[in-house]
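So the chains spell out like this:
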Amino acid sequence: QVQLVESGGGLVQAGGSLRLSCAASGRTFSSYTMGWFRQAPGKEREFVAAISWNSGVTRYTGSVKGRFTISRDKTKNTVYLQMNSLKPEDAAVYYCAAALGFLDTTAGNYDYWGQGTQVTVSS
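Residues numbered from 1 in each chain as written. Predicted model: local features only at pLDDT ≥ 70, side-chain atom pairs only at ≥ 80, totals over all residues. Heavy atoms only, no water.

Q: When you look at the pairing of strand β8 (residues 78-83) in this model, what are you seeing that I'm missing?
A: The side chains of a regular strand alternate between the sheet's two faces. With five of six residues buried, β8 lies mostly within the body of the structure. As defined by bridge partners, strand β3 (residues 18-24) adjoins β8 across six bridges and the pair is classed as antiparallel. Residue S21 lies in a different strand from β8, and its bridge partner there is Y80. Summarising the sheet, strand β7 (residues 68-73) and β8 pair through six bridges and their orientation is antiparallel. Note on β8: the bridge partner recorded for F68 is M83. Where β7 folds back on β8, the antiparallel hairpin that results is connected by four residues, among which N77 adopts a positive phi of roughly 50°. (Buried < 20%, exposed > 50% of the residue type's maximum accessible area, 1.4 Å probe, protein only. Helix = DSSP H or I, 4+ residues; strand = E, 2+ residues; numbered from the N terminus. Pairing = 2+ DSSP bridges.)

Structure below.
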């Protein structure tokens, strides 16, 4: 069983930056995709970014492309989401997740989820 723990959420001003971390317990499969999703009040869970653990190939939703960067540190079993130029519309609970599908964008295809970390963006 894989356990995912997010950290790094908080309150930032619009235009600011924040880095989220997701620590995975044990050894992750090299074929796993690690993804970030977010959910704002009254909205469905939304795909944000994904990275292939093995190859490092990434995928982003259009609204964050150029502002967010997903990365991973294999030594630390940790996935990061660097968020720059934050906008109020980015405010949400951010979740880390793991899936077997390659760069999967569908939340239902992810097998493991963290507890989420709150990101608030003030204007």
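Q: Would you mind going over the pairing of strand β5 (residues 46-52) with me for this structure?
A: Summarising burial for β5: six of the seven residues are buried, a large majority. With six bridges connecting them, strand β4 (residues 33-39) and β5 associate as antiparallel partners. By the bridge assignment for β5, G35 is matched with A50. Remark: six residues form the turn of the hairpin made by β4 and β5, two consecutive strands paired antiparallel; G42 in that turn has positive phi of roughly 80°. The pairing of β5 with strand β6 (residues 58-60) spans three bridges and is classified as antiparallel. From the neighbouring strand, A50 faces β6, where its bridge partner is R59. Hairpin connection from β5 to β6: five residues lie between these consecutive antiparallel strands, with G56 at a positive phi of about 85°.

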